[in-house]
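# Close look at the chain arrangement
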Amino acid sequence: MELDGAIAMVTGANRGLGRHLATQLLERGASVYAAVRRPDELDLPGVTPLRLDVTDHESIRAAAEIATDVTVLINNAGISTGTPLIAGDLDAVRRELETNFYGPLAVTRAFAPVIEANGGGAVLNILSVISWLHPAQAGAYAAAKAAAWALTDAAREELEPRGIAVSGLHVGFIDTDMTAGMPDVPKADPADVAAQALDGIAKGLPEILADDLTRQIRQGLAHGPVPIRAA
């Protein structure tokens, strides 16, 4: 897909990877809606601020009524609470699922008709190597990202006939606020990850593997996303 001239919406564009994605989209000639919970606090020149909370369906509906020219959706907004599934607080587990799974699902459902009406385009879901590795101490995050991986593969098959390509970005630790409490682990440069993600959208890749750890883990799984069709 050609990003020069595209109309993109990036959720969680105020910081971290989302900010780099929005900035690099602008550099590639796209127009960008920066979808954030508090647009009055957004400091990102060149974008169009848009209020959107991925856990608030009314805000999602309102955003879809405003941003009617979108051709690229990047589901980037997410949280990590460090909650285990058995011993952790159940409300925190639900919060991770609401944000990291139901959030991108709701936003994609709202914007798929918009993208289709504009002649087709692309959706990118920001996933994680934790989609495939499920450490106990991050059980809620792992469950939500594994569900979001399934969402990505199922939505790809469902939206392909409507002219919408769906990609998933898998990556390990990124040097952002989310990993600030992990000083001893190797972290990817968010600018590099963003560049790989946008290159992947441009090439129509179904999966974008952004670091060596992710590529190594992926090799241990079944080869590539395979559509399952009814007999």
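Residues numbered from 1 in each chain as written. Predicted model: local features only at pLDDT ≥ 70, side-chain atom pairs only at ≥ 80, totals over all residues. Heavy atoms only, no water.

All right, on to the overall build of the protein then. Scanning the protein from N- to C-terminus turns up 6 helices and 7 strands. Compactness check: the protein gives a C-alpha radius of gyration of 17 Å against a globular reference of 17 Å for 231 residues, within 12% of the reference. The dimensions of the protein, computed from C-alpha atoms along their principal axes, are 50 × 45 × 30 Å. The proportion of buried residues among the 231 residues of the protein is 47%. For the protein, the proportion of contacts with a sequence separation of at least 24, taken over those separated by at least 6, is 65%. About 11200 Å² of surface is accessible on the protein, with carbon and sulfur atoms providing 53% of the total. (Helix = DSSP H or I, 4+ residues; strand = E, 2+ residues; numbered from the N terminus. Rg over C-alpha atoms; globule rule 2.2 N^0.38 Å. Buried < 20%, exposed > 50% of the residue type's maximum accessible area, 1.4 Å probe, protein only. Contact = heavy atoms within 4.5 Å. Areas by Shrake-Rupley, 256 points an atom, 1.4 Å probe, with all protein chains shown as cover.)

All right, on to the sheet that holds strand 5 (residues 121-126) then. As summarised here, the arrangement of the 7 strands in space is 3-2-1-4-5-6-7, forming an open sheet in which the pairing is parallel. Of all the strands in the sheet, the pair left with one neighbour each is strand 3 (48-51) and strand 7 (207-209). Here the strands of the sheet are splayed against their neighbours by 20 degrees on average, with no regard to which way each runs. Sheet topology places strand 6 (residues 164-170) next to strand 7; 3 bridges connect them, and they run parallel. (Pairing = 2+ DSSP bridges. Axes fitted to C-alpha atoms, helices over the stretch in contact; angles between N-to-C directions.)

Another aspect to go through is the side chain of His170. By secondary structure assignment, the location of His170 is in strand 6. A relative accessible area of 0% means that His170 is categorised as buried. Leaving out residues up to four positions away in the same chain, His170 has contacts with Leu127, Ser128, Ser131, Trp132, Trp149, Glu207, Ile208, Leu209, Ala210 and Thr214.

Tallying each qualifying case throughout the model produces 1 cavity of 30 Å³ or more. Reported here for the largest cavity is a volume of approximately 50 Å³. Looking at the lining of the largest cavity, the elements with two or more residues in it are helix 3 (90-117), strand 5 and helix 4 (139-159). Its residues assigned to classes, the lining of the largest cavity shows 5 nonpolar, 3 polar and 1 charged. (1 Å grid on protein atoms, 1.4 Å probe; cavity = no way out; pocket = protein on both sides within 12 Å on 5 of 7 lines; lining within 4 Å. Points joined across faces, edges and corners; volume = space filled by probe spheres on them. Nonpolar A, V, L, I, M, F, W, Y, C, P; charged D, E, K, R; others polar.)

By secondary structure assignment, the location of Ala148 is in helix 4. Judged by relative accessible area, which is 3%, Ala148 ranks as buried. Here Ala148 is in contact with Asn100, Phe101 and Leu127, once residues within four sequence places are set aside.

Turning our attention to the pairing of strand 2 (residues 31-36). Within strand 2, 5 of the 6 residues are buried, which leaves the element mostly enclosed by the surrounding structure. Of the pairings in the sheet, the one linking strand 1 (residues 7-11) to strand 2 comprises 5 bridges and is parallel in character. Bridging across to strand 2, Ala8 finds its partner in Val32. Regarding the hand of the β-α-β motif, the stretch spanning strand 1, helix 1 (residues 16-27) and strand 2 is right-handed. When strand 2 meets strand 3, the two strands line up parallel, connected through 4 bridges. The residue of strand 3 that forms the bridge with Ala35 is Leu50. (Right-handed = clockwise from strand over helix to strand, strands pointing away.)

What follows concerns the packing of aromatic side chains. For the coordinates displayed, the defined rule picks out 2 aromatic pairs. Ring centres of Phe101 and Tyr102 lie 4.9 Å apart, and the angle between their planes is 70 degrees; this geometry places the pair in the edge-to-face category. The exposure class of Phe101 is buried, given its relative accessible area of 17%. (Phe/Tyr/Trp six-rings, centres within 6.5 Å; stacked < 30°, edge-to-face > 60°.)

Its 14 residues place the ends of helix 5 (residues 190-203) 20 Å apart at the C-alpha level, agreeing with the 20 Å of an ideal helix rising 1.5 Å per residue. Taken residue by residue, helix 5 has Pro190, Val193, Ala194, Ala197, Leu198, Gly200 and Ile201 as its buried positions. Down the axis of helix 5, the smallest arc covering the buried residues is 155 degrees, so these residues share one side. At the N-terminal end of helix 5, a side-chain oxygen is found 2.9 Å from the backbone nitrogen of Ala191, two or three residues along, and the residue is Asp189. Just past helix 5, the residue Gly204 takes up positive phi, approximately 75 degrees. (Expected span 1.5 Å × (residues − 1). Arc of directions from axis to C-beta. Polar contact = N/O pair within 3.5 Å; in protein donor to acceptor, adjacent residues only side chain to side chain.)

Another point: the nonpolar core. Counting 32 residues, the largest nonpolar core has Leu21, Leu25, Ile74 and Leu169 as its most contacted members. Mapped by element, the contributors of at least two residues to this core are strand 1, helix 1, strand 2, strand 4 (72-75), strand 5 and helix 5. It is helix 5 that contributes the most residues to this core, 5 residues altogether. Residue contacts for Leu21: discarding those within four places in its chain leaves Val10, Ile74, Asn76, Ile126, Ala194, Ala197 and Leu198. Counting residues in each nonpolar core, the second largest holds 26 residues, with Ala63, Ala64, Ala67 and Leu159 among its members. (Core = buried A, V, L, I, M, F, W, Y, C linked by side-chain atoms within 4.5 Å.)

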